[in-house]
Amino acid sequence: MPVLTSPLGALPMRFRRQRVLIIGCGDVGQRAAAALPARVRVLALTSTPGRRAELRARGITPLLGNLDDRATLHRLAGLATRVLHLAPPPGEGKGDPRTHALLSALRRRTPPAALVYGSTSGVYGDCAGEWVAETRPLRAGTPRAQRRVAAERLVRFHGRSSGMRTSILRIPGIYAPDREGGTPRERLQRGTPVLRAEDDVYTNHIHADDLARACVAALWRGAAQRVYHASDDTQLKMGDYFDLAARLYGLPQPRRISRQEAKEQLSPMLLSFMSESRRMDNTRLKRELRVVLRYPQVTGGLRQGP
């Protein structure tokens, strides 16, 4: 039987019987669905009945269910051969009951062969601008990132105990011109300041299309209990990133302020992103998952589209 090909190249499985279930099928999930080979049946969990027509129009079979209501997840057992889990934890609390509920449902019958979990680069906390490999100890500095650490531990535990091949993608800032809020344009237009050079932090990025392709690659090529950085090759501090975007869009460069001024002027959420600095090593992404980035630098990705 011939092996199907995709933009990622030949994948080593027969797709005739493959069913991929996407949990958290928003922008990236829909891009991942579009990147899958045509013979793969794609299903998506949604808690919103009104989204069913939209998903069907994209060739995705919608399944009504809610990660916050375990009783609605029973039908997921034994349904998919591979699962892409992109749903975030709740906005409060210490753990991730949503991931726990999903994994419990999947284990009620034969578990899927593989599960890919989309985590965040925030699990490392502040690394003072150092290069970060996947083996670095986790020191999440915010409750939001701590919930992601809890979710990762659940995923790895269930993988080891069930024989399900689980892989984790640690994802930085996602951007794309055709993604809602996916570029710095609106922030530049609002005149939001950035940190001055001596206080600035390194930031990491991935184009939404490259992230979708990384998700697909991990579903088939990801190693068991393996972590991958889904990040591009860009090495920019945050202020320089916004300066670059301003030049590309013909907008004024943002005002530079001190860290103390930022504490007085910016929201806690925005300030939290300005309090962590790291550079993510993406060697595993390229060598093991064999992902060739379409947008290795943000310059090319920001220029793409409108």
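Sequence order sets the numbering: in each chain, residues are counted from 1 along the sequence as written. Confidence filtering applies because this is a predicted model: local features only for residues at pLDDT of at least 70, side-chain atom pairs given and counted only at 80 or more, and all residues used for totals across whole chains, interfaces and linings. Computation of side-chain values: all heavy atoms of the structure, hydrogens and water removed.

### A short note on helix α6 (residues 208–221)
Numbering of helices and strands runs from the N terminus; a helix is a DSSP stretch of H or I covering at least four residues, while a strand is a stretch of E covering at least two. The span expected for a helix works out to 1.5 Å for each residue beyond the first. Between its terminal C-alpha atoms α6 stretches 19 Å, which fits the 20 Å expected from 14 residues at 1.5 Å a residue. Counted residue by residue, α6 has 14 buried out of 14 residues, so it is predominantly covered. Each residue is placed in one exposure class: buried if its accessible area under a 1.4 Å probe, protein chains only, is under 20% of its type's maximum, exposed if it is over 50%, and partly exposed if it falls in between.

### Some remarks on the nonpolar core
Counting 34 residues, the largest nonpolar core has Leu84, Leu169 and Leu289 as its most contacted members. The biggest single contributor to this core is α6, with 9 residues. For Leu169, the residues in contact, after removing those within four places along its chain, are Val116, Tyr117, Gly118, Ser119, Thr120, Ala214, Cys215, Ala218, Tyr228, Ala230 and Leu289. Only buried residues count toward a nonpolar core, which is a set of Ala, Val, Leu, Ile, Met, Phe, Trp, Tyr and Cys residues joined through side-chain atoms within 4.5 Å. Within the second largest apolar cluster, 24 residues are counted, among which are Leu43, Leu67, Leu102 and Met164. Pairs of residues are marked as contacts when any of their non-hydrogen atoms sit within 4.5 Å.

### What to know about the side chain of Ser231
When you line up the elements, Ser231 lands in the loop between β14 (226–229) and β15 (236–237). Every residue in contact with Ser231, bar those within four places of it in the chain, is listed here: Pro172, Asn204, His205, Ile206, Met280, Asn282, Leu285 and Leu293.

### Examining the confidence of the model for the protein chain
The predictor attaches a confidence to each residue, and that confidence, scored 0 to 100, is pLDDT. Counting all residues, the mean pLDDT for the protein chain is 93, and 94% of those residues have values of 70 or more. Within the model, the stretch residues 1–15 combines pLDDT values under 50 with 33 contacts to residues more than four positions away or in other chains.

### Quick look at the pairing of strand β5 (residues 60–64)
Relative to β5, strand β4 (residues 41–46) is paired through 5 bridges, and the arrangement is parallel. Residue pairing across strands places Leu43 opposite Thr61, the latter belonging to β5. Note on pairing: two strands pair once DSSP finds at least 2 bridges between them.

### Looking at the pattern of salt bridges
One speaks of a salt bridge when a side-chain nitrogen belonging to Lys or Arg is within 4 Å of a carboxyl oxygen belonging to Asp or Glu. Considering all chains together, one arrives at 18 salt bridges under this definition. Its salt-bridge partner being Asp209, residue Arg31 comes within 2.6 Å of it at the nearest N-O pair. Placement of the pair is Arg31 in helix α1 (residues 27–35) and Asp209 in helix α6, with a sequence separation of 178 residues. Taken individually, Arg31 and Asp209 each receive the classification buried, so the pair is uniform in this respect. Glu198 is the salt-bridge partner of Arg196, the closest N and O atoms lying 3.4 Å from each other. Among the charged side chains, a network of salt bridges with common partners joins Asp27, Arg31, Asp178, Arg179 and Asp209.

### Digging into unusual backbone geometry
Positioned with a positive phi, Ala128 is a non-glycine residue whose angle comes to about 55°. The residue Ala128 is located in the loop between β7 (114–120) and β8 (131–132) in this model. Not every positive phi belongs to a glycine, and Gln225 is a case in point at roughly 60°. If you trace the backbone, Gln225 turns up in the loop between α6 and β14.

### Some words on helix α4 (residues 143–162)
Between the first and last C-alpha of α4 there are 29 Å, a value that for 20 residues agrees with the 28 Å anticipated at 1.5 Å per step. Turning to α4, its buried residues number three or more, namely Ala145, Arg147, Arg148, Val149, Ala151, Glu152, Leu154, Val155, His158 and Gly159. Summarising the contacts, the buried residues of α4 are in contact with α3 (97–106), β7 and β9 (165–171). Immediately downstream of α4, the backbone of Gly163 shows phi near 85°, a positive value.

### Brief notes about the pairing of β9
The element β9 is extensively covered by neighbouring structure, given that 7 of its 7 residues are classed as buried. Of the two faces of β9, the one holding Arg165, Ser167, Leu169 and Ile171 and the one holding Thr166, Ile168 and Arg170 are both buried throughout. Summarising the sheet, β7 and β9 pair through 7 bridges and their orientation is parallel. Bridged to Thr120 within β9 is Ile171. For β9 and β14, the ladder comprises 4 bridges, and the chain directions are parallel. When the bridges of β14 are listed, Arg170 appears paired with His229.

### A word on the packing of α1 against α6
Packed helices, taken two at a time, are described by the angle between their axes plus the distance between the axes. Two elements in contact, α1 and α6, have axes whose closest approach is 8 Å; the angle formed by their N-to-C orientations is 60°. Judged on the interaxial angle alone, α6 and α1 are oblique. The element α1 and its partner α6 pack so that their crossing is right-handed. From α1, Asp27, Val28, Arg31, Ala32 and Ala35 reach across to α6, where they touch Ala208, Asp209, Leu211, Ala212, Cys215 and Val216. Angular values range over 0 to 180 degrees, each being the angle between N-to-C directions of two axes fitted as lines to C-alpha atoms, with helices fitted over their stretch in contact. Reported orientations rely on four angle classes, namely roughly parallel under 35 degrees, roughly antiparallel over 145, roughly perpendicular from 65 to 115, and oblique for the rest. Should the near helix be turned counterclockwise from the far one by less than a right angle, the crossing is left-handed, whereas a clockwise turn marks it as right-handed.

### Things to note about the state of the cysteines
Here, the word disulfide means a covalent bond between the sulfur atoms of two cysteines. In plain terms, two cysteine sulfur atoms within 2.5 Å form what is called a disulfide here. Per the counting criterion, the structure on display carries 0 disulfides. Looking at Cys25, it has no disulfide partner, and the nearest cysteine sulfur is the one in Cys215, 11 Å off.

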